[in-house]
Amino acid sequence: MSAKPTLWITRRLSDATLARATRDYQVIINHADGTFSADEIIAMSANVDAILPCHSELFNADVAAKLDARVKIISNHSVGVDHCDLPALKARDITVTNTPDVLSDATAEIAMLLLLGAARRAVEGDRLMRTGVWDFWSPSFMVGKQVSGARLGIVGMGRVGQVMARRARGFDMDVHYYNRNRVAPELEQGAIYHNTVESLMGVSDFLSLHCPATPQTTGIMDKDMLARLPDGAVLVNTARGALIDETALLDTITSGKLSAAGLDCFQAEPGGNPAFAAHENIFMLPHIGSATTQTRDAMGFRALDNLDAFFAGNTPKDQL
Ligand code: DGY
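What counts and how
- Along each chain, the written sequence defines residue order, and numbers are assigned to residues from 1.
- Reporting in this predicted model follows two pLDDT cut-offs: at least 70 for local features of residues, and 80 or more for side-chain atom pairs to be given and counted; totals over whole chains, interfaces and linings ignore these cut-offs and use all residues.
- For side-chain calculations, the full set of non-hydrogen atoms in the structure is used, while hydrogens and water are omitted.
- Numbered from the N terminus, helices here are DSSP runs of H or I no shorter than four residues, and strands are runs of E no shorter than two.
- Each polar contact in these results corresponds to two N or O atoms within 3.5 Å; when the atoms are within protein, one needs to be able to donate a hydrogen and the other to accept it, and residues that are neighboring in sequence are counted only if both atoms are side-chain atoms.
- Just so you know, the domain bounds were taken from an automatic or database domain assignment.
- Contact definition: two residues touch when any of their heavy atoms are within 4.5 Å.
- Summed over both partners, buried area is the accessible surface (1.4 Å probe) that two parts give up on being assembled.
- For each residue, the test is whether any non-hydrogen atom lies within 4 Å of the molecule or strand; if one does, the residue is near.
- A 1.4 Å probe and the Shrake-Rupley method give the accessible areas. Residues count as covered only by the protein chains that appear here.
- For this classification, the nonpolar set comprises Ala, Val, Leu, Ile, Met, Phe, Trp, Tyr, Cys and Pro, the charged set comprises Asp, Glu, Lys and Arg, and every other residue, Gly included, is treated as polar.
- The span one expects for a helix is its residue count, reduced by one, times 1.5 Å.
- Relative accessibility under 20% of the residue-type maximum defines a buried residue, over 50% an exposed one, and the middle range a partly exposed one, all with a 1.4 Å probe and only protein chains included.

**Considerations on the side chain of Arg302**
Phase 1 of the analysis: You can see Arg302 is positioned in helix H12 (residues 293-311).
Phase 2 of the analysis: At 2.7 Å, the side chain of Arg302 forms a polar contact with the side chain of Asp318.

**Considering the domain arrangement of the chain**
Phase 1 of the analysis: Partitioning the chain into structural domains gives domain 1 (6-102 + 293-311) and domain 2 (104-284).
Phase 2 of the analysis: A separation of 31 Å is found between the C-alpha centroids of domain 1 and domain 2.
Phase 3 of the analysis: In this complex, domain 1 contributes 7 residues to the contact, which on the side of domain 2 involves 6 residues.
Phase 4 of the analysis: Here domain 1 packs against domain 2, burying approximately 550 Å² in sum over the two surfaces, 40% of which is carbon and sulfur.
Phase 5 of the analysis: The largest contributions to the domain 1 side of the interface with domain 2 come from His55, Asp82 and Asp101, which together make up 63% of the buried area.

**Notes on the site of the ligand**
Phase 1 of the analysis: The local shell around the ligand consists of His55, Ser78, Val79, Gly80, Leu103, Arg240, His287, Ser290 and Met299.
Phase 2 of the analysis: In this structure, an oxygen atom belonging to the ligand sits 2.7 Å away from a main-chain N or O atom of Val79.
Phase 3 of the analysis: In the environment of the ligand, an oxygen atom lies 2.8 Å from a nitrogen or oxygen atom belonging to the side chain of Arg240.
Phase 4 of the analysis: When isolated, the ligand has an accessible area of 230 Å², and the protein chains bury 90% of it.
Phase 5 of the analysis: The residue inventory of the shell around the ligand, partitioned by class, reads 3 nonpolar, 5 polar and 1 charged.

**A look at helix H5 (residues 104-119)**
Phase 1 of the analysis: With 16 residues, H5 ought to run about 22 Å at 1.5 Å a step, and its terminal C-alpha atoms sit 22 Å apart, in line with that.
Phase 2 of the analysis: Counting buried positions along H5 gives 12 out of 16 residues, so the element sits mostly inside the fold.
Phase 3 of the analysis: Among the residues of H5, those classed as buried are Ser104, Ala106, Thr107, Ala108, Ile110, Ala111, Met112, Leu114, Leu115, Gly117, Ala118 and Ala119.
Phase 4 of the analysis: Arg121 sits one or two positions beyond H5 and adopts a positive phi of about 60°.

Quick look at the structure:
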């Protein structure tokens, strides 16, 4: 190995991140910012000691099995690691890390934006103004769903879920949550714990998803689960598209069971679900939960901190 390990940065990260990486590593940077096929990832792995990817690069079991033995660490620029087959990478003795904490504020901001925008018909209102067809006002015009005083159900009371709970309290929402384990009272801050998702659904005028996509949570928001929500509920997803059965979501939007949805994540990314576009009560964003300058720098630096620790012979803080 050369004095400086060779690091492949698979996407165009923030300028500050790239400057630090270039100072400390032999870097191969994807300035063009396109995505890579499995074959391209496998081919590149022969040239590098470490990979710093985003959630857009897939390290499934097949890729993990074929990565060159030279690769010692995958230091993800994401908190979610559903694009990595962790057991398969562990079997190859490849260390995997992620970037928790640093994106919680930005992601909760987008969740609140989606919640408010879905509740108060932002897509429809924006369209009326933008197309110049707003020619009518009455007390019954564009009436939405009030957030203040409503009940918010949070699925996944981890770091992002806890920030979301704090933001929601600022709107006087009553916070309920499901988590695999009940969190400590000082983190709970009065939020009401439900030991099943099913129980949470029934009290969630608004439901916000903040859990990882795992085999256990994939498709958890299916027809039966969505049917448990109160009539007119609003669903918000800033976690992963895989959590929601999108056909079931469309059915519940069409039937009026859900009054609105706010989505930053989709089963197919990039692209999303074209069928959603016909519904102005689905407020959509293109997976930008963590997309602020401050957070992108923090994610890049956290990924580099993990690499630095690894190459210094220490256990990275965010080793999975
Ligand atoms: C994450 O960190 O998991 C975000 O979805 C961006 O990749």
